[in-house]
Every structure is written in C-alpha cells, then in structure tokens.
Amino acid sequence: MSQPPIRVFGVRHHGPGSAASLALALEAWQPDLVVLEGPSEMEPLLPLADHPEMQPPVAVLIHGEGHACYYPWVEFSPEWVALRHALARAIPVRLMDLPQSHDAALEIERERFTDPLAELARAAGFEDGEAWWEWVVEQRPDGEVFEGILEAMRAVRGPAPAQGREALREAWMRRTLRQARKDGFGRIACVCGAWHAPALEMPAWPSVAEDEKLLKGLPKKKLEALWIPWTYQRMALESGYGAGLDSPEFYHLIWQHGHDGQLTSRWMVLAAQLLRSEDLSASPASVVEAVRLAEALAALRGRNLPSLAELEEAALAVLCGGAPQPLALVRSRLVVGQRMGQIPADAPQVPLARDVAARAKRLRLPMEAAHRDYELDLRKSTDLERSQLLHRLHLLEVGWGQLRQSRGLGTFKETWRLQWQPEFALDLVRAAPWGNTLETACQARVATRAQESSLPRLVELVESVLLADLSGALADVLAALQGRAALASDPALLLQTLPPFARILRYPDVRGTDSAMLRSLLEGLLERLSVGLPLAVASLNDEAAEAMMKHLGEAHQALLTLTEPAWLDLWLGTLVKVAEVQGVHGFVAGRVLWILSDLKHFPSEEVGLRLGRALSLSGQGASFVEGLLRDHGEILVHAPLLVEVIDNWICGLSEERFIEVLPLLRRTFSSFPRGVRSQLIRPRGGPTTPVPSHRLDPQRVARVLPVVQRLLGQEVSS
Amino acid sequence: MNLLRQHAEQQFAQELEALRESDTRPRPPNWKLSPWAVRTYLLGGRLDSGVEITPKYIGPPRLMEIAVATLATDRALLLLGVPGTAKTWVSEHLAAAISGDSTLLIQGTAGTGEESIRYGWNYARLLADGPSPAALVASPVMNAMREGKVARLEELTRVPAEVQDTLITILSEKTLPVPELGSEVQAVQGFNLIATANDRDRGVNELSSALKRRFNTVVLPVPATLEEEVDIVSRRVASLGKALQLPAEAPALQELRRVVTVFRELREGVTSDGKTKVKSPSGSMSTAECISVVNQGLALAAHFGDGRLNAQDVAAGLVGAVVKDPVQDRAVWREYLEAVVKERQDWKDLYRACRDSDT
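Residues numbered from 1 in each chain as written. Chains lettered and ligands numbered in written order. Predicted model: local features only at pLDDT ≥ 70, side-chain atom pairs only at ≥ 80, totals over all residues. Heavy atoms only, no water.

The next subject is the sheet that holds strand β7 (residues 224-229) of chain A. For sheets, the rule is that strands pair by backbone hydrogen bonds, running either parallel or antiparallel. Residue and element names in this part refer to chain A. With respect to topology, three strands assemble into an open sheet ordered β4-β3-β7, the strand pairing being antiparallel. This sheet does not close on itself; its edge strands, each paired only once, are β4 (67-73) and β7. Between one strand axis and the next, the sheet turns through 25 degrees on average, direction left out of account. Pairing of strand β3 (residues 58-64) with β4, which is carried by seven bridges, proceeds in the antiparallel orientation. When the sheet's bridge partners are listed, H63 is paired in β4 with A68. (Pairing = 2+ DSSP bridges. Helix = DSSP H or I, 4+ residues; strand = E, 2+ residues; numbered from the N terminus. Axes fitted to C-alpha atoms, helices over the stretch in contact; angles between N-to-C directions.)

Spelled out as structure tokens, the structure:
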C-alpha cells in the first residue's frame, strides 16, 4: 500500500500531551520534510534552535513599520518538538503560514477566537472545550491520536470553506505544501493547530487556481525577525503577546513527568517541598491527604484525574491550612513558574537595543568604552533629549550615564559621565519584553515598579518619570502613590515623602492636570499626617526621635518653599496638636516648638515659657534644647529672652549633670553659623571683633542711597 | 409543636427524602446520601423528580465541593471564617445531609473539658457500682463513633489547648480508649468530625500544629458583593426584628446600604468605587456585626426615635463596632470619616451624626 505523501498532525499549540504524541508519531513515521505552522519570516532563524546556548522559553519577534508580534516557543510546544526532531536528524524544516509581512499589512480584523472544541466537549458531557481536550488528548500520549483529531475537526468544521484571514492563511499553507511536493519530498509531516488540519489534507484541497486567486496581490510590509528570551510569566500574561497559557510551569511538569501516572503525587510533593523551603509546615502525611482530597474532588466532579483546579484546591485545604498566601507562592512557582529562556549571544539584536542605538546616534552620543563627560544645557532641545534618553535608560536599569553632581529640579544644567559597557547590550535584551521602543519599555517598567515600590521610593519614581519625560506613565505612578499613602501607617514615612514632593511641585514642567493631581495627593498626605502624627510622636527612643526631628525639619522647609497658605495652616494645626502631646522626646518636642515659632504661631514669650517648662523636667533638657536650636541658632539672636532661660537652666545644673549634658550642648551650639555664634557671645562679655570706625562722607552717601532704596523696593525720596 | 428553632434535618426533611429517593450514585458506608447528592443539597438544584432543592449555602460552589470531598475521604473538616460567614450553618447542614443527624454537637468554650469530648461518669453509679459501662456518660463524639455519624465541634479555638489535643487520638487512630473499663470504642465507618473556628480573632487558643495537620481547612469568605451582603443583612434583620417584636418599620434600604458599605469598605481597605484606599480597623467588621448595628439602630429608632431608622440611630452602634482599640481604631475611623464619609454628598447626615457621637 502506498503511503500518503503528506500527513497532517493537528495539535494544540503549547500542549504537552500533543507534543508527546507528536514525538512518538514522528519517530514512527520518519518524515523527510517537516512543515510547521508559522510565518516564513522565521525560517532563517530556525537552525539556531539547535544551538547549545538556546534554552526555551524563547520567542521569535517579528517587527517593523509599527508592527510587532511574538511567536513564543516552549520546551513542550509540539512545534518545538518537531523542530528539534528535524534538526537532530538533518531533515529540512519549512514554515507554511501566511508571512507576517502580508498579515500585518492586511487590514482584516483578527477573528474573535471561537472555541471549536466547545461543541465536541458538550457532546462528551464536559463543561468546556479545554477540559475535554485535556482529557482526551493531553492526558494520554499516543502516536495514533492524530487520526482521531482530524476526524473530529472535520466534523466540527463541516463543509463550509474558511473565511477572511483564515482562508488566506490556509491557502498559503497549501501553497507551501504544493511547493514541497514539487521539490520532490515524499513524506511530509505537516504540524498545525488542530483547527487547520482538515483544510490541509490533500483530498480536501481546492484547485491551485482557486488558492492562487486568493493570494494574488497581497499588500506587504517590511519586517524583521529575531530570537529573544522569553519567560513563563510572559507566557501566562493574558493581555499583550502572551500565549494565553495559564499554567506554563504545570505544563512543563506534565511534559517531563506527566505520563508516569504519578503527576498528582509529584505535584503535591513539589508543593510541600516548596512550602518547607519557606519554613511553612507541610508534612509527608499531609501530602498523602492532599492527594486523596484531590482525587476525591476529581471524582465528585466526574473527572478521572485531578486537573490543576483540584490540585490547587487540595493544596489549599490540606497543605496551606486554608490560607491564601502560601497558595499564591505555590501558584507563582509551580503553576506559572519563573523560568526565563536564553538565546545564543551571537543571535541578532532586539528592537529596543536598536531603538536606543538609533537615538544615541541621532543625539551624537557615541557608545564608547572610554568615559567622557557631557555638560548638558537643558534649555537646548538636543541636550534636553540627551538628558531624557539617559534618565530613561536609568529607569530600565541600564547605567550608561552617571549623573555627576546632584542637582535640584528646576535648574538647567546637568553633568553626565558616559561609558558604554558590553553588559548593557544584555541589559537591553533583558528589558526587551517591556517594549520595543525606549519610551514604551520605560512606561511598562515604571508601571510595574510602581506596584512594588515603597512610599518614599514611589515619590522618587515620580521624580525620575518627570525627568525622563514619561508623562504617559505618570498616571500609573500617581495612582500607586495614592494607594500606598493611604495605607502607610508610619507617619515618619509620610514626612519623608514631603521634600521630594515639594521639589516635584516646584518643577515647572509638570503639566497642568498632573500638577492638580499631585496637589490633591499632597493635601491628602497632610491630612493623614494631621491624624497620625500626634499618635506617632509618643514614646520614641533616642535614635527614632533624632530621625523624626530631622524629618520634621526637612518637611517644614519643603512646605515653606511651596508658599501655599492652606497647606501651611494644615501643617500648623498638626504641629499644634503634637505640641500638646505629653511625654514626647525632647528632640521632637524641641523641633516642633522651633517650627511653631518659625511659623510665628508662638510669640517669643510663649516659646520661652515652654522652653522653661521643658527644661524644668529632669533628663530631657539637653535634647529639647538641641531639638529647638540645632541649625537654628538665629532664634536666640532675635529672642534674648530664650538666652536668659537657657542661661538660667545651665547655671542651675549640678556639676555632674552639667558634665552629662555638655556634649549635647556642644553639638547644638557648634551647628550655628559663625556669625550667629559671635553675635551670641558678644553681649555675654566674650571677645568681640572691633567694629572698624568709619568716617562717612555725606556727599558720597547721598549718591548711593537712592540705589540702595531702589534695591530694597522703596520709593526713591526726592 | 411550637419549637423556637428546628434542626436542619427536621426543617428540610422533605428535601432530604426526595434526594434519598432519586440518589443512585454510590454512597460511602453509613452515609445517608452520596457525595453528589450532598453537594446538591447544599448548593440547591432541581431533581429529576421535579423537587426543588433550596440552596443552603450562597457562595462559591467549589468550597462546598472541597468540604464534601474532605468528608468522603475520612478527613476531619475545619471551617474557618469571620463571624457571619455561615460556618455553623454549613456544618449543621453537612451533618444533616450525611448522617441525617445534626445534634451530635459540642459547643467549644473556655470551660469545655475533656469529658465533653471523650466521656464522663455518672458519679452516683460510679460510687455505688464502680466503673461499669452503665456508669459511663458518652460524649457526642463517642456516640458518633459508635453509630458512624458526623459529630460537630463549634468554636474549636475557644477550647483550651490541652482539651483540643484529646482529639488527636480520635482523629488519627479513630478510636477512643476507656482505660477505666479496659476497653475502647472504635469508630464505625461513617464517623467524622466537623469543627468550626473564627480565624479573625483566633479565639483564645491557637490550634496546635499536630491537630491542624489532622484537619482539611476550608475558609468561608465574606459575601462577595454589596448586593449579596445587603440581602443577607436585611433578611437576618427582618427575622431578628420579628423575634424581638420591634415595632419599628423595616429598615430603609438606603440606610442599610450605607451601613453595609461602611462595613465592606473598612473590611476590604478600599472604597467601593475602588479609587481610595482606607485603613482597616482591628475588629473583624463581619456581616454579623453589621447585622447587630442595624438591629441596635432599629431598637433605638423604635423606642427613642420616630420608629424610622436614620443616621443618628446607626451612628452610635457604628462607632462602637469600628472602634475596638481606643487609639489605633479611633485614628482609622477619623481618617475614614474625613477622607471618605465627608466627601460623599448624600452622606452629610451620617457624617454629622458620627462626629457627634465620637466626641
């Protein structure tokens, strides 16, 4: 009996059972050509699959002219199995799908995914097609299963011809197969999605003329293809370019061990080991019970083997004691998985790297191994773009440029040192899944970082986003910031966010809408502080109190720069509340008193009264003085009353006590600027710098006075 | 009979009978129904005979499937959840469906002793005749073991730790030794145990890990949606109000919805529109507490107000339910008032009422 020249193997993409069955079938049939469903652009890349450094999951990225799509390959993809089979035996491989260069140019809506299996599944008494396919095909590897699949699909598709884009694709596939036959191949293994299988069987082929008529004059785009590393998380991503595979790591396990009848036990043991490695209890005895529960659940639901749902539910009830957190861990490691693929170092480049290279070239920033310094004037557009490029690369953790000196926002000079390291190429490849251009990649990266960062880091992230001019990503970060601020239970954290916040608000480039959102956020922060701060200042130890003193001072300075009366009022109200709390550490109480005096809320008499009261308590005096005066000696110059209070206190100290507080006092007073110190010392009778005696020449004074008056903004007296 | 409350197997006797008749699937030894029929009893459905089975549990069906499958594999079942998540309700119906008897019940308290779980003695007999089977007072667990039924233990975590541990032998060896008589009671097939515990306040006594290992745990969640919870609260309030013969009108749906919203938002830590996050107080903010706040408000309205539930009536109860810790919770509550309640246009009255009752 003569063999058919073409055999069609209908598979499920990324189905481990299909892959196992296919391996058996190919081994048995020994084809002389393997044809895969996939656009022909990938063909030149296929030999690399055999490279020793190639490690799935990987993807082929086809991109160009504003179009990009990914073809992921995992170890358990039937296509990957067929490819490896062919490469190992030096059998040629061809790709038969409509080239992406046409597909991308066609302006045909992609068909809504219809589940061809649903009907069959219903007929077999299953709830959905996936479960049925899982049961019939994936769970029992068998080289003969493909005949059955073909028949089933023939029945599902019926006699109706394919429509739209699908018709084009299948016509192209047949064209490829015809060509293969013409080229003299006699045992062609055709691997395609099960749905297409009936259309590719030779007896069902329409005439050559019919197919060619469809394929005539297709539009075309210029595209490029290259390998990139892929991850199981990306495989599982439902949106974007994911393959819609919910459980790649679980499939990986099925692929490796799925058919030895111990899958349930193996998975449960792995889950228990994982939990134990995280110091959670999961005894071997409970693994046994978890397996039994999974099987009982499967029986209750009419399945012969537990599926992932039953495995997870059993692990939750038995191993995790009903707690969702350990299960989330199990899910991320054993269901989705954290595998990342690897491509050979000499494979062609990713578009992100190309985009960066193109920008750098346009901005005349050569990628050199030697370092070079650039002084950027941000008022010039080229320099501004350069700065944005470098800031964006920083967001992707590519440290090409180092900012040499820290600068406040709003100034217009930046100094960068640039030095290109070979590892940056790899960093860019790693960042490639985030996006194809620097901007989209940064935005995606920022959106993820916004989810993970702590509150002060988030405010810094807002700053970086503004510096990198990523207004598209700002909304994500601000939303995360809002959420995090609402949950922050530590007012010290909230205080720390105020200074960067103030810097951002003073930055003129923030667009109107964003600025409004930032302002309302800041207002929310202040309101939360007014509730939380009075509770948080009680019972701090020395270290925490000193930190709090610092944060209070910085937050105050930051708020002053914003000159917004409503905010200052809120801030004042908060501090008044704090000032009334009893038992607050001297550092904090002193600093609060200073701020209240700085805001002119307390006249110096009141400050003196409170200082005296605080000093009358034993123990806290020196720290209170430090809190009040550190870095702010000028208050003493303006309020001699305070000098008197402190003076009386120091004079009243016992000798031991005086020796005790002396270091603290010294630290406080040494923080004063020189001028303040000499002014303080003068009336106390210390050495004074002699005032040089001037003899004023009234005529010359009269000539200078108008200028001085104008400088002071006064009307010039005639 | 004027019973105040009927057992599940009495109240739903007809449904159970109908299920028994149409149940053709294999039953585990000593089960009155097959696991599939038990599932139907809990989740509701229509039988081939046309009998309508009312749903006993409203929530994710998979939880009931796990519970039934657990009991079918001879593992003890622990139902965890905050108050008002139907733990006791589910355990009663499971026992009624599986054993036809939900009365083998031990209520766990700090005073629950070993004898309530194992056995006690009739001391008059004991003194008169010495230890004999006739002097032994069997516990519900012992009876369940003898008859192959499901025993229930409520509030397991309130039972002192050393008493909890008497369950270990029963659950792992399925036997209860009686050294005084030199004998033992071995569990007949069909015996099992359903325990419930509150996982929010963790009771007084944590479960020992040795005991925890012997249970499969199912966590019953709080109601999934606002509508579901409003429904549950209004039903319960209506039935409670009837029992207490409160003269007030049924609570206005709008007021009820506001109270439930407050509870949900504080419990979930985010406002119902998902836009603003809020801190959660230390209390559990359970549906059960929500019911009692509405009930209390209703009583206030009936006896001191105009009989109609309004913001003032619920405010006092609301503050009391939220502020359990006078420092932390008060801050949380004020923040919530200022950031959320104050901002809502039609909540002004509630805002004022809450502020007034909080000073």
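Next, the rest of the story.
All names here are of chain A. The step from P56 to P57 runs through a cis peptide bond, and the omega angle for that step is 5 degrees. Considering the arrangement of structural elements, one finds P57 in the loop between β2 (33-39) and β3. With phi around 55 degrees, D469 is a residue other than glycine that occupies positive phi space. Within the secondary structure, D469 sits in the loop between α20 (455-467) and α21 (471-487). With a relative accessible area of 37%, D469 lands in the partly exposed category. Phi angles above zero are rare outside glycine, and D631 is one such case at about 65 degrees. Among the secondary structure elements, D631 is positioned in the loop between α28 (621-629) and α29 (634-638). Assessed through its relative accessible area of 46%, D631 is described here as partly exposed. (Buried < 20%, exposed > 50% of the residue type's maximum accessible area, 1.4 Å probe, protein only.)

Our focus in this paragraph is the interface of chain B and chain A. Counting residues at the interface gives 22 residues for chain B, matched by 23 residues for chain A. Three residues stand out in chain B for area buried against chain A, namely B:T73, B:K277 and B:E335, and they jointly supply 22% of the buried area on that side. Between A:E313 and B:R62 there is a salt bridge, and its shortest N-O distance comes to 3.7 Å. Here chain B and chain A share five residue pairs in polar contact (both at pLDDT 80 or more) between them. Those elements that provide at least two residues to the side of chain B that touches chain A are α3 (35-43), α4 (61-72), β11 (215-219) and α16 (328-341) of chain B. (Contact = heavy atoms within 4.5 Å. Buried area = accessible area lost by both parts, 1.4 Å probe. Salt bridge = Lys/Arg side-chain N within 4 Å of Asp/Glu carboxyl O. Polar contact = N/O pair within 3.5 Å; in protein donor to acceptor, adjacent residues only side chain to side chain.)

What follows is about the confidence of the model for chain A. On average, residues of chain A carry a pLDDT of 80, and 88% of them reach 70 or more. Confidence drops under pLDDT 50 across residues 238-243 of chain A; counting only partners more than four residues distant or on other chains, this segment forms 13 contacts. (pLDDT = per-residue confidence, 0-100.)

Another aspect to go through is helix α19 (residues 438-452) of chain A. For an α-helix, the turn length of 3.6 residues means that residues three or four places apart are oriented alike. All names here are of chain A. The terminal C-alpha atoms of α19, which comprises 15 residues, lie 21 Å apart, in line with the 21 Å expected from a rise of 1.5 Å per residue. Buried within α19 we find L438, A441, C442, R445, V446, R449 and A450. For α19, the angular spread of the buried residues around the axis is 165 degrees, confining them to a single face. Packed against the buried residues of α19 are α16 (351-362), α17 (381-395), α20 and α21. (Expected span 1.5 Å × (residues − 1). Arc of directions from axis to C-beta.)

Residue and element names in this part refer to chain A. Closest axis-to-axis distance for the α16/α17 pair is 10 Å, and the angle between their directions is 155 degrees. Here α16 lies roughly antiparallel to α17, going by the angle between them. You can see that α16 and α17 cross each other, and the crossing is left-handed. Note on element contacts: α17 touches α16 through E385, L389, R392 and L393, opposite V356, R359, A360 and R362. A class-by-class count of the residues in the contact of α16 with α17 yields four nonpolar, no polar and four charged. (Parallel < 35°, antiparallel > 145°, perpendicular 65-115°, else oblique. Left-handed = near helix turned anticlockwise from the far one by under 90°. Nonpolar A, V, L, I, M, F, W, Y, C, P; charged D, E, K, R; others polar.)

The next point concerns the pattern of salt bridges. In total, this model carries 56 salt bridges over all chains according to the counting rule given. A salt bridge links B:E65 to A:R301; its shortest N-O distance comes to 2.4 Å. Here B:E65 is found in helix α4, whereas its partner A:R301 is found in the loop between α13 (284-300) and α14 (308-319) on a different chain. A residue is classified by how much of its surface remains accessible, and A:R301, at 22% relative accessible area, is partly exposed. We note a salt bridge from B:R27 to B:D23, for which the minimum N-O separation is 3.6 Å. Taking relative accessible area as the criterion, B:D23 reaches 12% and is therefore assigned buried.

Looking now at the nonpolar core. Core analysis: the largest hydrophobic core is formed by 189 residues, its most contacted members being A:W267, A:M268, A:L319, A:W400, A:L552, A:W571 and B:L94. Within the second largest apolar cluster, 42 residues are counted, among which are A:F9, A:L22, A:V34 and A:A49. (Core = buried A, V, L, I, M, F, W, Y, C linked by side-chain atoms within 4.5 Å.)

Put simply, side chains in a regular strand alternate between the two faces of the sheet. Residue and element names in this part refer to chain A. Counting buried residues in β2 gives seven out of seven residues, a clear majority hidden from the surface. Of the two faces of β2, the one carrying L33, V35, E37 and P39 and the one carrying V34, L36 and G38 are both buried. Relative to strand β6 (residues 188-193), β2 is paired through four bridges, and the arrangement is parallel. Across the sheet, the residue bridging to V35 is C190, located in β6. Taken together, the four bridges between β2 and strand β5 (residues 93-97) define a ladder with parallel strand orientation.

Another point: the sheet that holds β5(A). All names here are of chain A. The sheet built from four strands is open, its strands ordered β1-β6-β2-β5 with parallel pairing. The outermost strands of the open sheet, each flanked by one partner alone, are β1 (6-11) and β5. In this sheet, adjacent strand axes meet at a mean angle of 30 degrees when their direction is disregarded. Bridge analysis of β1 against β6 gives six bridges, and the strand direction is parallel. Pairing of I6 across the sheet is with I188, part of β6. Against the sheet, helix α2 (residues 78-88) makes contact with β1, β2, β5 and β6, and its axis sits at roughly 140 degrees relative to β2, the strand it touches most. Its contacts with the sheet place helix α7 (residues 164-182) against β1, β2, β5 and β6, and it is angled at close to 150 degrees to β5.

Attention now goes to the pairing of strand β10 (residues 413-418) of chain A. All names here are of chain A. With six bridges connecting them, strand β8 (residues 372-377) and β10 associate as antiparallel partners. From the neighbouring strand, R372 faces β10, where its bridge partner is L418. Pairing between strand β9 (residues 401-403) and β10: three bridges, direction antiparallel. Within the sheet, the bridge partner assigned to Q402 lies in β10 and is R417.

Turning next to the environment of A:V588. Residues and elements named next belong to chain A. When you line up the elements, V588 lands in helix α26 (residues 586-598). A C-alpha to C-alpha distance of 7.6 Å links V588 and F624, two positions 36 residues apart in sequence. In this structure V588 touches V537, L540, A545, M548 and L552, once residues within four positions along its chain are discounted.

A few words now on α2(A). All names here are of chain A. Counting buried positions along α2 yields eight of eleven residues, so the element is predominantly enclosed. For α2, the full list of buried residues reads P78, E79, W80, V81, A82, L83, H85 and A86. Following α2 by one or two positions, A90 has its phi on the positive side, about 55 degrees.

Residues and elements named next belong to chain A. Summed over all chains, the structure comprises nine aromatic pairs over all chains. Centroid distance F9 to F146: 5.1 Å. Interplanar angle 90 degrees. Geometry classified as edge-to-face. Taken together, the residues F9 in strand β1 and F146 in helix α6 (residues 145-157) connect sequence positions 137 residues apart. Each member of the pair, F9 as well as F146, carries the same accessibility label: buried. When the centroid spacing of 6.0 Å and the interplanar angle of 80 degrees are considered together, the rings of F76 and Y251 count as edge-to-face. Here Y251 lies in helix α11 (residues 248-257) and F76 lies in the loop between β4 and α2, a separation of 175 residues in the sequence. (Phe/Tyr/Trp six-rings, centres within 6.5 Å; stacked < 30°, edge-to-face > 60°.)

What follows deals with a nonpolar patch on the surface. Residues and elements named next belong to chain A. Nonpolar side chains collect at one region of the surface, where L696, V701, V704, L705, V707, V708, L711 and L712 lie side by side and expose about 770 Å² of accessible area between them. Looking at the secondary structure, you find L705 in helix α33 (residues 698-711). Note on L705: relative accessible area 45%, which makes it partly exposed. (Patch = residues over 30% accessible without salt bridge, like charges linked within 9 Å, V, L, I, M, F, W, Y side chains within 5 Å. Areas by Shrake-Rupley, 256 points an atom, 1.4 Å probe, with all protein chains shown as cover.)

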